[in-house]
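Observations on chain architecture
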Amino acid sequence: MLTLMTLSLVAAPQTVVSVQQAPTAAAWQVAQPVPLFSESAAPSLPFDPTLFGRGVASADLDRDGSPDFVISTSSGAVLYMNRGPAGLVDETVMRLPAGLQGSDGPVVGDVDGDGWADLLLLADSSPGVDVVLFSNGFGGFLPPIPLPMASAVTSDAELVDIDLDGDLDLVRAIGSSGHANTSGKDTLLLNDGLGGFTPLLSFESAAWNSSLIPSTGVTSFDANRDGVLDLFFTRADSGSATGSPGARNLLLLGRGAGQYIDASVGLPSFEDNSYDAVPLDLDGDGDLDLVVANSLLGLGGASSGDVLVNQGGLQGGRAGAFQDRFDSIEETPTIAEAIRLGPLCADVDGDGRKDVLFRVHDLPPGGEQPLFLGRGLDFERATPFGAGSFIAAGGAFADIDGDGDPDLLLTSAGSAAGGSQLGHARLFLNVSP
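Quantities reported herein were computed from a predicted structural model and do not represent experimental measurements.

Turning next to the pairing of strand β23 (residues 307-310). Judged by which residues are buried, β23 turns out to be covered on both faces: V307 and V309 on one side and L308 and N310 on the other are all buried. With two bridges joining them, strand β22 (residues 289-295) and β23 adopt antiparallel strand pairing. If you follow L290 over to β23, its bridge partner there is L308. Summarising the sheet, β23 and strand β24 (residues 322-324) pair through three bridges and their orientation is antiparallel. Residue pairing in the sheet places N310 in a bridge with F322 of β24.

We now examine the pattern of salt bridges. Enumeration over the complete set of coordinates arrives at 16 salt bridges. Between R340 and D306 there is a salt bridge, and its shortest N-O distance comes to 4.0 Å. Here the residue R340 occupies a position in strand β25 (residues 339-346), and D306 occupies one in the loop between β22 and β23, the gap between them amounting to 34 residues. Judged by its relative accessible area of 0%, R340 falls in the buried class. Take D306: its relative accessible area is 0%, and that puts it in the buried class. A cluster of three or more residues bridged by salt bridges with shared partners is formed by D62, D64, R83, E91 and R95.

Looking now at the confidence of the model for the protein. Within the protein, residue pLDDT values average 88, and 90% of them lie at 70 or more. Averaged pLDDT values for the elements of the protein fall to 32 in strand β1 (residues 4-8) and rise to 98 in β23. Segment residues 1-31 is flagged for pLDDT under 50; beyond a separation of four residues in sequence, or across chains, it makes 21 contacts in the model.

This brings us to the side chain of S389. Inspection of the secondary structure assignment puts S389 in the loop between β28 (378-381) and β29 (392-398). The exposure class of S389 is buried, given its relative accessible area of 12%. Here the side chain of S389 touches G366 through a polar contact of 3.0 Å, landing on its backbone nitrogen.

Read from one edge of the open sheet, four strands run β3-β31-β30-β29, paired in antiparallel fashion. Both outer strands of the open sheet, β3 (37-38) and β29, are each paired with one neighbouring strand and no more. Two strands pair when backbone bridges link them, and strand β30 (residues 407-412) and strand β31 (residues 425-430) are joined in this way by four bridges, in the antiparallel orientation. Looking at β31, one finds that L408 is bridged to F428.

Before going further, it helps to examine the environment of M149. By the element assignment, M149 lies in the loop between β11 (145-146) and β12 (154-160). Taking the C-alpha atoms as reference, M149 lies 10.0 Å from A123; in sequence the two are 26 residues apart.

Before going further, it helps to spend a moment on the pairing of β31. Summarising burial for β31: six of the six residues are buried, a large majority. Two elements, β3 and β31, share two bridges in a ladder whose sense is antiparallel. Counted as the bridge partner of F37 is N430 from β31.

With that settled, the discussion passes to the sheet that holds strand β8 (residues 103-109). An order of β8-β9-β10-β11 is seen for the four strands of this open sheet, with the pairing classed as antiparallel. Looking at the sheet topology across the chains shown, the edges are occupied by β8 and β11. Note: β8 against strand β9 (residues 118-123), five bridges, orientation antiparallel. By the bridge assignment for β9, G109 is matched with D118.

Cut-offs and rules
Residues numbered from 1 in each chain as written. Predicted model: local features only at pLDDT ≥ 70, side-chain atom pairs only at ≥ 80, totals over all residues. Heavy atoms only, no water. Buried < 20%, exposed > 50% of the residue type's maximum accessible area, 1.4 Å probe, protein only. Helix = DSSP H or I, 4+ residues; strand = E, 2+ residues; numbered from the N terminus. Pairing = 2+ DSSP bridges. Salt bridge = Lys/Arg side-chain N within 4 Å of Asp/Glu carboxyl O. pLDDT = per-residue confidence, 0-100. Contact = heavy atoms within 4.5 Å. Polar contact = N/O pair within 3.5 Å; in protein donor to acceptor, adjacent residues only side chain to side chain.

Spelled out as structure tokens, the structure:
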């Protein structure tokens, strides 16, 4: 509350001077923006700091109604079970087979149709073998079974019913782009219904399936609203293997039975360095738009497609064609936040609109893991919550405490430039009102 004082001066009674007192401490506290997440409010996470965290998957592994976490690391996967008041408990030894190699990923889904979540772990180097671990029916996993090899390291994978036969097939993005490029052809493996996967050779031999350009991520969604899932591959070429410092992303429209046509002509012609994407309906018109995580160092924000708006619905154009909405989501961040490794998406503030957190690579340190709040087709930066400066290699939103809002787990693969969060996994509780 501000107090107003008036003083009447004898020499000039018609003159009134207003003196405004400084706001009270309580007034300042009300005026300050409040972070939406708190690490201090979260339960402790028993993560060995000598491990370098990579990918994260969240699922109810033991079917007790609470989300659990699988984290891939340089020394094998670890498993944290949600035990309510006891927090997240490390049950790796009792639930995962011994001797697992360093991995990336992970990917969770019921691939054999028994009602229990199975686990895919991606090889962390090339050549390597991706593996599937079937559930034992008690929230644990059986020894790994190798999947058909790819020609290079798998950067990302999705379990999705491609051929509409009721089971989960496997799409893999092949390649990596960073200090050194590795590339190979993306793969589609069809499920026989029992968790046996067979490569669809026509997918690998298609003209659009390049062995030169690294694919860094894949997401499935119905871009043109025809009831068949489509595929969006993010691509990067920071090593300029094709003669440019970036690569055009790839949009494939599904025609059923694992058949696709290249519809990339419906994307902006940017040749940027993209690392993953998430589909979400920004304007509430029923079709899905895309938020893409790009490195904004090589080409800069103006030369990248970070928010791609589907031209169907309210846009009045063709569903499945996309246009870049320039500067919708801050395309000129500080250099410490410019390498965006991937987006995480959830409605963190409870307003009914999806928000996006970018996992970033600290080069140099000093940035955050920036959270942007959805405001229709545009976003605004949320108040920083002290996530810190590190290589955020993985993360997931999940309602850890059962209060109806998404909490956040992030992993660190170290720091490229001397950041302080080496090898940590960090848990943040949603404290939004």
